Amino acid sequence: MKQITIIDYGSGNVLSVQKSFLKVAEANNIKSKVLVSKNLDDIKNSTHVVLPGQGAFVTCMNGVNNTDGLVEELYEFAIIKKKPFLGICVGMQMLATDSVENGLHKGLGWIEGHIKPIPSEKLKLPHMGWNTVNPTHKNKLINSKEDFYFVHSYYFECLRKEHILAETSYGINFTSIVAKENIYGVQFHPEKSSSQGLNLIKRFLK
């Protein structure tokens, strides 16, 4: 029995993320409980944790930091116990060292890198809509080129090549999936990405 906890810290499309995970579990006969919660015991008892996020980086980080014991429990889950962890959109960006959005702000620092603005001289921002995600090497999360749905104006400048799982082009080539051992982050929204997104969720659960 899997227990998937989607972290509810006041920012992020938590209900549509929950709905997608429930749909995947039902369609693939994966016995699971999918919670939306910030309860520390729920996280402790989870097999998988998902950190969604939308809006400004600092708002999301403040939401996580201001929830008593949440950062420590997430660290215990992902870094110490090395259980499967997925960050979505700003949830991925929070894995980085820091962000320059609205000033310099510290992230969780789990994957070395900086959150920077997409250069916008000739581009519309936010980068919104479907775009191609290209795997950089063979991995368990995405094994071929696929399109996913994006909404963002900042990107993850990943400092170590081995942590880049996939890239996407929008004016520049940017990292669209990061990974470090059991920790994954996707810049796009799998819950808004039709069957491709559901398949990615299925691979994360397995």
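Below is a short write-up of the structure. (Residues numbered from 1 in each chain as written. Predicted model: local features only at pLDDT ≥ 70, side-chain atom pairs only at ≥ 80, totals over all residues. Heavy atoms only, no water.)

1. Here's the deal with the pairing of strand 1 (residues 2-7)
For step 1, the next point in the chain: Across the 6 residues that make up strand 1, a large majority, 5, are buried.
For step 2, the next point in the chain: In this structure, strand 1 lies alongside strand 2 (residues 32-37), joined through 6 bridges in parallel fashion. Bridge pairing links glutamine 3 to lysine 33 in strand 2.
For step 3, the next point in the chain: The β-α-β motif built from strand 1, the intervening helix 1 (residues 14-27) and the parallel element strand 2 has right-handed crossover chirality.
For step 4, the next point in the chain: Across 3 bridges, the pairing between strand 1 and strand 3 (residues 48-51) is parallel. Pairing of isoleucine 4 across the sheet is with histidine 48, part of strand 3. (Buried < 20%, exposed > 50% of the residue type's maximum accessible area, 1.4 Å probe, protein only. Helix = DSSP H or I, 4+ residues; strand = E, 2+ residues; numbered from the N terminus. Pairing = 2+ DSSP bridges. Right-handed = clockwise from strand over helix to strand, strands pointing away.)

2. Focus: the nonpolar core
The nonpolar side chains of a soluble globular protein tend to be buried, and buried together.
For step 1, the next point in the chain: With 62 residues, the main nonpolar core has Phe21, Leu74, Phe85, Met94, Leu95, Phe156 and Ile177 as its most contacted residues.
For step 2, the next point in the chain: The greatest single-element share of this core, amounting to 5 residues, is contributed by helix 1. (Core = buried A, V, L, I, M, F, W, Y, C linked by side-chain atoms within 4.5 Å.)

3. Some points on helix 3 (residues 57-65)
For step 1, the next point in the chain: Residues of helix 3 that are buried include every one of Phe57, Val58, Cys60, Met61, Gly63 and Val64, and no others.
For step 2, the next point in the chain: On its buried side, helix 3 packs onto strand 3, helix 4 (70-80), helix 5 (90-93), strand 5 (98-99), strand 6 (105-106) and strand 7 (113-117). (Contact = heavy atoms within 4.5 Å.)

4. Let's talk about the state of the cysteines
For step 1, the next point in the chain: Counted under the stated rule, the structure contains 0 disulfides.
For step 2, the next point in the chain: As a non-bridged cysteine, cysteine 60 has cysteine 89 as the owner of its nearest cysteine sulfur, 8.3 Å distant.
For step 3, the next point in the chain: Taking relative accessible area as the criterion, cysteine 60 reaches 0% and is therefore assigned buried.
For step 4, the next point in the chain: The thiol of cysteine 158 is not disulfide-bonded; the next cysteine sulfur, from cysteine 89, is found 16 Å away.
For step 5, the next point in the chain: Relative accessible area serves as the criterion here: at 12%, cysteine 158 is assigned to the buried category. (Disulfide = S-S within 2.5 Å.)

What is shown is where atoms sit, not what they do.
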